[in-house]
There are 2 protein chains.
Amino acid sequence: MIFRQLFDRTSSTYTYLLAARKGGEALLIDPVVENTDQYIQLLEELDVKLVLAADTHIHADHVTAVGSLRNRTDCAAAMGEKAGVECANVSFREGDRLSVDDLHLDVLYTPGHTDDSYSFVLPDRVFTGDTLLIRGTGRTDFQNGDPAAQYDSLFGKLLRLPQETLVYPAHDYNGMTVSTIGEESRYNPRLQVESKQAYIDLMNGLVLDDPRLMDVAVPANRSCGLKHAA
Amino acid sequence: MIFRQLFDRTSSTYTYLLAARKGGEALLIDPVVENTDQYIQLLEELDVKLVLAADTHIHADHVTAVGSLRNRTDCAAAMGEKAGVECANVSFREGDRLSVDDLHLDVLYTPGHTDDSYSFVLPDRVFTGDTLLIRGTGRTDFQNGDPAAQYDSLFGKLLRLPQETLVYPAHDYNGMTVSTIGEESRYNPRLQVESKQAYIDLMNGLVLDDPRLMDVAVPANRSCGLKHAA
């Protein structure tokens, strides 16, 4: 497998490039529009063909490159069905599979950070978007965020994956690149709560500023990032 | 193998944590002093015991945590013999091995960025310090840097590793986390030169500011980072 984790320093976003093999098909998860040129160059250098660009959810902190990549390559834009956007070629939901050659990612619906949050599962790793971060979880105070739903996504779905599953989130702010489900179960401070209500109280008690780019990014991302420059 | 790549945002330094297994011994490569607490916490959470902390070279852009880690754990501080520092427990040179349990890193002497630059080789990956960066190479204009020596280190040693060898550098400034020897051979713009002299001319033609922390970091790192706060 070809696997690349790429970091956008401005928004602290991780983008993931996956392909089964050289010469084969590739998938980009959570690409950032400003880095479109970098992705295109890297795809060429790795000799892979982008066929899918997917967001785990409608981001509020950066503009997606899903649309710009579709315009500049032959890839399909994939967004979750709950995103309800018109700009995607493909809408996915829990139980679906995103595949490039014989690499198959199983889609989990993991709402909470937003109501259109999904995770993508490979046998040895999971791409958790903003649902599960390394030693943290995504905020639940906007975009139909819901701490009760996030608790269910975390404890009912993600933490039930095998303990050794690698966790690749959509962001990190502390220089961490990867974790495991076992580590997050034990050491993620937000997951040490004794009840669902305690988690809801914890999340509702957070006082956070809106993301700097929220008023730009959310509407832009509803067009797969294509309308932000208009 | 337990493997973690950690990013220090201030200096764009990558630090690597390696261990053969849970409950076993661990090695840290190029740790940054400000992140000492983070390393200690992560070592505990991963249930590994730090036995070695090693720098690929005397860094000019950040203060090493090799000394602070030795003070706070039972680890040995390892530095290259060419660093000529008194603060290390172990000095290594080409042909030596750094081992944690049954994980063995072969030491290559790869001068050029500095005259005390080393790389560490595992069967599937190489830690290249500032000798080989992703689509770049370390500057050669201070600390006894030498573009001719760097050419020999690159073309005579690192690029002779198997093409699929993963390249983990000490820094990246463009959001890349890993590359391969094959990719760098083909796409690293500094490695497309036609002769050693062309490489020397290319490197000597770079006009670069001194690193912001150079006057602090280099003397501090000659004491394994222990004297910078004094």
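Residues numbered from 1 in each chain as written. Chains lettered and ligands numbered in written order. Predicted model: local features only at pLDDT ≥ 70, side-chain atom pairs only at ≥ 80, totals over all residues.

Q: How would you sum up the overall build of chain A? Please name residues and give values.
A: When helices and strands are counted, chain A shows six helices and 14 strands. Over its C-alpha trace chain A gives a radius of gyration of 17 Å, about what one expects of a compact globule, namely 17 Å for 230 residues. Along the first, second and third principal axes, the C-alpha set of chain A runs to 50 × 40 × 30 Å. Among the 230 residues that make up chain A, the fraction classed as buried is 51%. Across chain A, every contact between residues at least 6 apart in sequence was considered, and the portion connecting residues at least 24 apart equals 59%. (Helix = DSSP H or I, 4+ residues; strand = E, 2+ residues; numbered from the N terminus. Rg over C-alpha atoms; globule rule 2.2 N^0.38 Å. Buried ≥ 20, exposed ≤ 12 C-beta atoms within 10 Å, placed from the backbone. Contact = placed C-beta atoms within 7 Å.)

Q: Talk me through the sheet that holds strand β9 (residues 118-121) of chain A; I want residue IDs and the actual numbers.
A: Residues and elements named next belong to chain A. Spatially, β7-β8-β9-β10-β13-β14 is the arrangement adopted by the six strands of the open sheet, whose pairing is mixed. Looking along the sheet, the strands with just one partner apiece sit at the ends: β7 (97-100) and β14 (179-180). Both strand β8 (residues 103-109) and β9 contribute to a ladder of four bridges, which runs antiparallel. Bridge assignment links Asp106 to a residue of β9, and that residue is Val121. (Pairing = 2+ DSSP bridges.)

Q: Outline the interface of chain B and chain A, listing residues and values.
A: Counting from both sides, the interface comprises 13 residues of chain B and, opposite them, 13 residues of chain A. If you tally residues by element for the side of chain B that touches chain A, the top one is strand β1 (residues 2-8) of chain B, at five residues. Residues of the side of chain B that touches chain A, tallied by class, amount to five nonpolar, three polar and five charged. (Nonpolar A, V, L, I, M, F, W, Y, C, P; charged D, E, K, R; others polar.)

Q: So what's going on with helix α1 (residues 36-45) of chain B? Residues and values would help.
A: Residue and element names in this part refer to chain B. Those residues of α1 that sit buried are Tyr39, Leu42 and Leu43. Buried residues of α1 fall within an arc of 100° about the axis and therefore sit on the same side. Opposite the buried face of α1, at more than 90 degrees from it, the exposed residues are Asp37, Gln41 and Glu44. Looking at the packing, one finds that the buried side of α1 touches β1, β2 (13-19), β3 (25-29), β4 (49-54) and α2 (66-72). (Arc of directions from axis to C-beta.)

Q: Describe the pairing of strand β10 (residues 125-129) of chain B, and please don't skip the residues or the numbers.
A: Residues and elements named next belong to chain B. Most of β10 is tucked away: five of the five residues are buried. With two bridges joining them, strand β9 (residues 118-121) and β10 adopt antiparallel strand pairing. When the sheet's bridge partners are listed, Val121 is paired in β10 with Val126.

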